[in-house]
Amino acid sequence: MNSVLSIRNLHAAVEGRPILKGVNLDVKQGEVHALMGPNGTGKSTLAKVLLGHPSYEVTDGEVLLDGEKILEMQPDERSRKGLFLAFQYPASIPGLTVANFLRSAINARRREVDPDYKGISIPEFRKLLTEKMDMLEMSHDFAGRYLNDGFSGGEKKRNEILQMAILEPRIAILDETDSGLDIDALRIVSEGVNALRGPDLGVLIITHYQRILKYIQPDFVHILMDGRIIQSGDASLAEELEERGYTWVREQQELEVS
Ligand code: ADP
Ligand code: MG
């Protein structure tokens, strides 16, 4: 059975101010969705609600992963259920290498499926790590680095994508915030998603910029404006957006309303 992340009539507020005003979206395993929209329309708010960030209050609606309500779950539980949220571990942790971090993450994920799982052996883990790093064309030295310690923007992205490759989530949410997304980071994320996409992975990539979509061909494109998805389509919607800008979408909306 294919996994589905189902966002239903989601309303959320920040500091008492409503930001999300009824978001509906289904992301299925095997599909790549792009969520786009002008700045300040609630894209990152949606990502943070899915992550379980405490500053974002859900005021209505529901988010289900394979029919299970996830909004009541702690962030780590969501992750063990197969949801991947890229900015989950932003802090640097002294003395913890990328490899050790990934090893404990994979054990937690596998224990969710099999409570008696003994833990991945070092040789098996090393094989898996090497395989994934090669697939992502990453230098093997990276695994020995301390987690997030002095990582450049591109290295942070690399770490995220490697984490995603190792954890094999069913649904991944990537919020490509505008800050720090230089061409290098953009390329790393895009190539990573392209290498990992397939029938077992569903992706929701959140971005302000159409340019990421030059590297990733999404199956579906959605436009979020003022806290709601106001239009959905295929990749040609992103191209149209690139040509005509967000004001075009707004004008269309106004035409429909009047
Ligand atoms: P986007 O990612 O689409 O640019 P955001 O979700 O970041 O938009 O922001 C939507 C609105 O919510 C903005 O007006 C922003 O100022 C506000 N907002 C988001 N996060 C916070 C926060 N932690 N505290 C106060 N306001 C916030
Ligand atoms: Mg944002």
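Structural data are supplied above this passage.
Source: prediction; values computed, not measured.

J.: Mind showing me how you'd approach the sheet that holds strand β3 (residues 32-36) here?
T.: Remark on secondary structure: sheet strands pair via backbone hydrogen bonds, oriented parallel or antiparallel. Spatially, six strands are ordered β6-β7-β8-β3-β9-β10 in an open sheet, and the strand pairing comes out mixed. At either margin of the open sheet sits one strand with a lone partner, and together these are β6 (83-85) and β10 (228-233). Put simply, the sheet's adjacent strands are angled 20° from each other on average, direction ignored. Here strand β9 (residues 220-225) pairs with β10 via five bridges, running antiparallel. Looking at the pairing, V221 lines up with G233 of β10. Sheet strands touched by helix α7 (residues 235-244): β3, β9 and β10. Its angle to β9, the strand with the most contacts, is close to 50°.

J.: Got a minute to help me understand the site of ligand 1 in this structure?
T.: The immediate surroundings of ligand 1 are formed by 13 residues, with R17, G40, S44, T45 and Y56 found nearest. Note that an oxygen atom of ligand 1 is positioned 2.7 Å from one of the backbone N or O atoms of G40. Contacts to ligand 1 include Y56, whose side-chain N or O atom sits 2.8 Å from a nitrogen atom. Across the complex, the protein chains shield 68% of the 550 Å² of accessible surface that ligand 1 would expose by itself. Looking at the shell around ligand 1, the elements that each hand over two or more residues are β2 (17-28) and α1 (43-51). Sort the elements by how many residues they give to the shell around ligand 1 and α1 lands first, with three residues.

J.: Explanation requested: the side chain of R109 in the structure shown.
T.: Positionally, R109 belongs in helix α3 (residues 98-113). For the buried residue R109, which engages in no salt bridge, the nearest side chain bearing the opposite charge is E168, 7.0 Å off. From its side chain, R109 meets the backbone oxygen of E168 in a polar contact 3.3 Å long. Look past the residues within four positions of R109 in its chain and what remains in contact with it is S79, R80, K81, G82, L167, E168, P169 and R170.

Reading the values: the criteria
- Counting restarts for each chain, with residues numbered from 1 along the sequence as it is written.
- Chains and ligands are labelled by the order in which they are written, letters from A for the one and numbers from 1 for the other.
- Two thresholds apply to this predicted model, a pLDDT of at least 70 for residue-level local features and 80 or more for giving and counting side-chain atom pairs, whereas whole-chain, interface and lining totals are computed over all residues.
- Note that the side-chain values use all heavy atoms of the structure and ignore hydrogens as well as water.
- Only strands that DSSP links by at least two bridges are regarded as paired with each other.
- Helix and strand assignments follow DSSP, with helices taken as H or I runs no shorter than four residues and strands as E runs no shorter than two, numbered in order from the N terminus.
- Think of each axis as a best-fit line through the C-alpha atoms, taken over the contacting stretch in the case of a helix, with angles from 0 to 180 degrees between the N-to-C directions.
- Two residues qualify as a contact provided that any one of their heavy atoms is within 4.5 Å of a heavy atom in the partner residue.
- Nearness is judged by heavy atoms alone; a residue qualifies as near a molecule or strand once a single heavy atom is within 4 Å of it.
- Between N or O atoms, a polar contact is any pair within 3.5 Å; within protein, one atom must be a potential hydrogen donor and the other a potential acceptor, and residues adjacent in sequence are included only when both atoms are from side chains.
- The method behind every accessible area is Shrake-Rupley, applied with a 1.4 Å probe, and residues are considered shielded solely by the protein chains displayed.
- Three labels apply to residues, based on accessible area from a 1.4 Å probe with only protein chains included: buried if under 20% of the type maximum, exposed if over 50%, partly exposed otherwise in between.
- Charge counting follows a simple rule: Lys and Arg are positive, Asp and Glu are negative, and His as well as the terminal groups are ignored.
- The rule for a salt bridge is simple: a side-chain nitrogen of Lys or Arg has to be within 4 Å of a carboxyl oxygen of Asp or Glu.

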